[in-house]
Amino acid sequence: MDSSFLLTDEQMMQFITKGYLVLQNDLDPQQHKKVMDTIYRVLHEEGNPGNNILPRVPEIMEFFDTPVVKGALTSVLGTDYYMHPHRHCHYNKPGSQMPGGGQWHKDGYWSSMRSHRPWWAMIFYYTQDITEDLGPTAIMPGTQYYEKFIGDRGETLLPTGKAGTMVLVHFDLWHKASLNVSSLDRYMLKFQFVRLRAPENPTWNHRRKEMIVPPGTPAIHLNLWRDVWDWLRGEHTTCMAAAAVDDFTLQKVSQDLKSEDESVRAQAADRLGLWGDASASLAPALGQLLDDTETTALNAAYALGHMGPKGIDELIKHVTEGTTQVAERAAYGLQGASAGAIPGLLQVLEHKDEKRRALAAFVLGMIGPQAIDAVPLLNASIQDESEWVRRNAVEALGMIGNASGEVVPALAQALKASLLIETEEREQTSDMYVNKQKYISNKIGYTAALSLLRTGKDGDAGLVVRSLEKALHSKDRYVRAYASEALTHLRTVEALDVLIRYYRTSRWCPDTSKASTF
């Protein structure tokens, strides 16, 4: 790839802090018009094809094969990113008072938990000149790390531009359709993309080690942003030396942690994280802030993660003993502690409460290949009574990789086992986790297929192919989709033979519809 199409440090920092970039495909206007005309015909004569928008209008793929798109996605997601099988053409009709439901939201996610680090991204692509009157998808910069909507504290941005304008967003950025007050139909192609492995080095035009924060975010999260910046660079965040902070300064910041002003508390928590273990004496005070407002709690969590052993102990304590919300916040902080958190997480992996075990598995996956010592316990967790724990373990193994030789066989077995119980009727349950993500009916199978896409190449190819071949006939569309992607990624003779036989019966003809059946 021509490196001139990779993102710059400035663009990467905007993506990390604000959660979006507006980019431009400079293509022949007739190319966009042809696709838009086809989309119009399909939507008005046949209905919205949903995930089938790409095979129904295969020319769309040309928009995502350009150097601009490939360079941006490579920069954010790595060189071997994959297009997720869910995609949608969003139609904003003139005069609709509730386009797309009309509410600020995050898209339904595909992992067992949302990730602050960019394992996922989306592109909103416009095939026509897009103005504010046409009702582009509104975004709220800097909100990708928040579970709760911040309302009027956030900025509403309506990206505009000529045909080929696209908005690359962090998967969890808050967004909504805006009102189309024009007389024209508005179309937007939403496509999603997934990272396959943790970064080992920067995959953009990286020039400087230090991050420079752009202005204009709803809150300051220096430790969180630095965690993402360093992770994308393939490095672990290091902290300042202990001699850099005196007792008087620590005492002043300690008082700020108790301020009635939320912004003062948040800023104080952030400062402590930048000082690392020099501020470890204040770890208990930071731990109390995990139950504060979300912006302050995030700063406390990531500060503790950068504070050395005392910070890790405080986070482990709250994962083990805190409320569900506090435990989840602590889990995000622990990923920044990297290998130092592994011993404590292995203990939590055997906790009596399934929520704590699931969070431990999640963090071990976020730590990645450094967590290789956790593989035996994670393999055992695939048999856990809790589906949430099982799924987190399966995903974590895919992120850690097969260096031990034990991961791929466990994933292949988990996939096959999930397929065997697809025919069983599930009991009604009030479990919030089981009832989430109803668009994935076989969560374990989906996650195992994705994990084999990530790490199957490093294992026994025959074993992987046999498990994926069975998954091609799953009742879950996303299990089937990722099984086919994993076989494509594998590319052995046996894998290609399985794919060819599968595609003979599943091939889509974009010219065949209810208006033209033969």
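Located above this text is the structure these notes cover.
Criteria and thresholds
Residues numbered from 1 in each chain as written. Predicted model: local features only at pLDDT ≥ 70, side-chain atom pairs only at ≥ 80, totals over all residues. Heavy atoms only, no water. Helix = DSSP H or I, 4+ residues; strand = E, 2+ residues; numbered from the N terminus. Rg over C-alpha atoms; globule rule 2.2 N^0.38 Å. Buried < 20%, exposed > 50% of the residue type's maximum accessible area, 1.4 Å probe, protein only. Disulfide = S-S within 2.5 Å. Polar contact = N/O pair within 3.5 Å; in protein donor to acceptor, adjacent residues only side chain to side chain. Axes fitted to C-alpha atoms, helices over the stretch in contact; angles between N-to-C directions. Parallel < 35°, antiparallel > 145°, perpendicular 65-115°, else oblique. Left-handed = near helix turned anticlockwise from the far one by under 90°. Contact = heavy atoms within 4.5 Å. Nonpolar A, V, L, I, M, F, W, Y, C, P; charged D, E, K, R; others polar. Pairing = 2+ DSSP bridges. Expected span 1.5 Å × (residues − 1). Phe/Tyr/Trp six-rings, centres within 6.5 Å; stacked < 30°, edge-to-face > 60°. Salt bridge = Lys/Arg side-chain N within 4 Å of Asp/Glu carboxyl O.

(A) Layout of the overall build of the protein. When helices and strands are counted, the protein shows 22 helices and 7 strands. For 518 residues, the compact-globule formula gives about 24 Å, and the C-alpha radius of gyration of the protein, at 23 Å, lands near that figure. If you line up the protein on its principal axes, its C-alpha atoms span 80 × 50 × 50 Å. Looking at the 518 residues of the protein, the share that counts as buried comes to 57%.

(B) Representation of the state of the cysteines. With the rule as written, the count across this model stands at 0 disulfides. Cys 89 forms no disulfide, and the closest cysteine sulfur to it belongs to Cys 509, at a distance of 20 Å.

(C) Just the environment of Asp 261, in detail. Mapped onto the fold, Asp 261 is located in the loop between helix 7 (247-256) and helix 8 (262-275). Take Asp 261: its relative accessible area is 39%, and that puts it in the partly exposed class. A polar side-chain atom of Asp 261 sits 2.6 Å from a polar atom in the side chain of Ser 263.

(D) How the structure looks around the packing of helix 19 (residues 443-455) against helix 21 (residues 477-490). It is the contact of helix 19 with helix 21, at a shortest axis distance of 8 Å, that shows an interaxial angle of 15°. Comparing the axis directions of helix 19 and helix 21 gives the class roughly parallel. Seen along the crossing, helix 19 lies across helix 21 with a hand that is left-handed. Note on element contacts: helix 21 touches helix 19 through Tyr 478, Val 479, Tyr 482, Ala 483, Glu 485, Ala 486 and His 489, opposite Gly 445, Tyr 446, Ala 449, Leu 450, Leu 452 and Leu 453. Tallied by class, the residues present in the contact of helix 19 with helix 21 amount to 10 nonpolar, 2 polar and 1 charged.

(E) Here's a closer look at the sheet that holds strand 2 (residues 82-92). As summarised here, the arrangement of the 5 strands in space is 1-5-3-7-2, forming an open sheet in which the pairing is antiparallel. Looking at strand neighbours, the two that pair on one side only are strand 1 (20-24) and strand 2, the edges of this open sheet. Taking each pair of neighbouring strands and ignoring which way they run, the sheet shows an average axis angle of 20°. Relative to strand 7 (residues 186-194), strand 2 is paired through 8 bridges, and the arrangement is antiparallel. Within the sheet, the bridge partner assigned to Asn 92 lies in strand 7 and is Arg 186.

(F) Layout of helix 14 (residues 354-367). Between its first and last C-alpha, helix 14 extends 20 Å over 14 residues, near the 20 Å set by a 1.5 Å rise per residue. With 12 of its 14 residues buried, helix 14 lies for the most part within the structure. Within helix 14, burial applies to Arg 356, Arg 357, Ala 358, Leu 359, Ala 360, Ala 361, Phe 362, Val 363, Leu 364, Gly 365, Met 366 and Ile 367. Against the buried residues of helix 14 lie helix 6 (222-232), helix 11 (309-321), helix 12 (324-337), helix 13 (342-348), helix 15 (375-381) and helix 16 (387-400). The N-cap of helix 14, judged by a side-chain oxygen 2.9 Å from the amide nitrogen of Lys 355 a few residues on, is Asp 353. Downstream of helix 14 by one or two residues, Gly 368 has phi in the positive range, about 85°.

(G) Spotlight on the side chain of Asp 256. Positionally, Asp 256 belongs in helix 7. Here Asp 256 falls in the buried class, since its relative accessible area comes to 17%. Side chain to side chain, Asp 256 and Lys 252 meet in a polar contact 3.0 Å long.

(H) Quick peek at the packing of aromatic side chains. For the structure on display, the rule yields 17 aromatic pairs. Where Trp 204 meets Trp 229, the ring centres are 5.7 Å apart and the plane angle is 50°; that geometry is what we call tilted. Here Trp 204 is found in the loop between strand 7 and helix 6, whereas its partner Trp 229 is found in helix 6, with 25 residues between them in sequence. Both residues of the pair, Trp 204 and Trp 229, count as buried.

(I) Quick peek at the pattern of salt bridges. As enumerated under the stated definition, the model contains 17 salt bridges in all. As a salt-bridge pair, Asp 37 and Lys 33 come within 2.9 Å of each other at their nearest N and O atoms. Of the two residues, Asp 37 and Lys 33 both sit in helix 2 (residues 29-45), 4 residues apart, roughly one turn of that helix. Assessed through its relative accessible area of 34%, Asp 37 is described here as partly exposed. Overall, the relative accessible area of 41% leaves Lys 33 in the partly exposed class.

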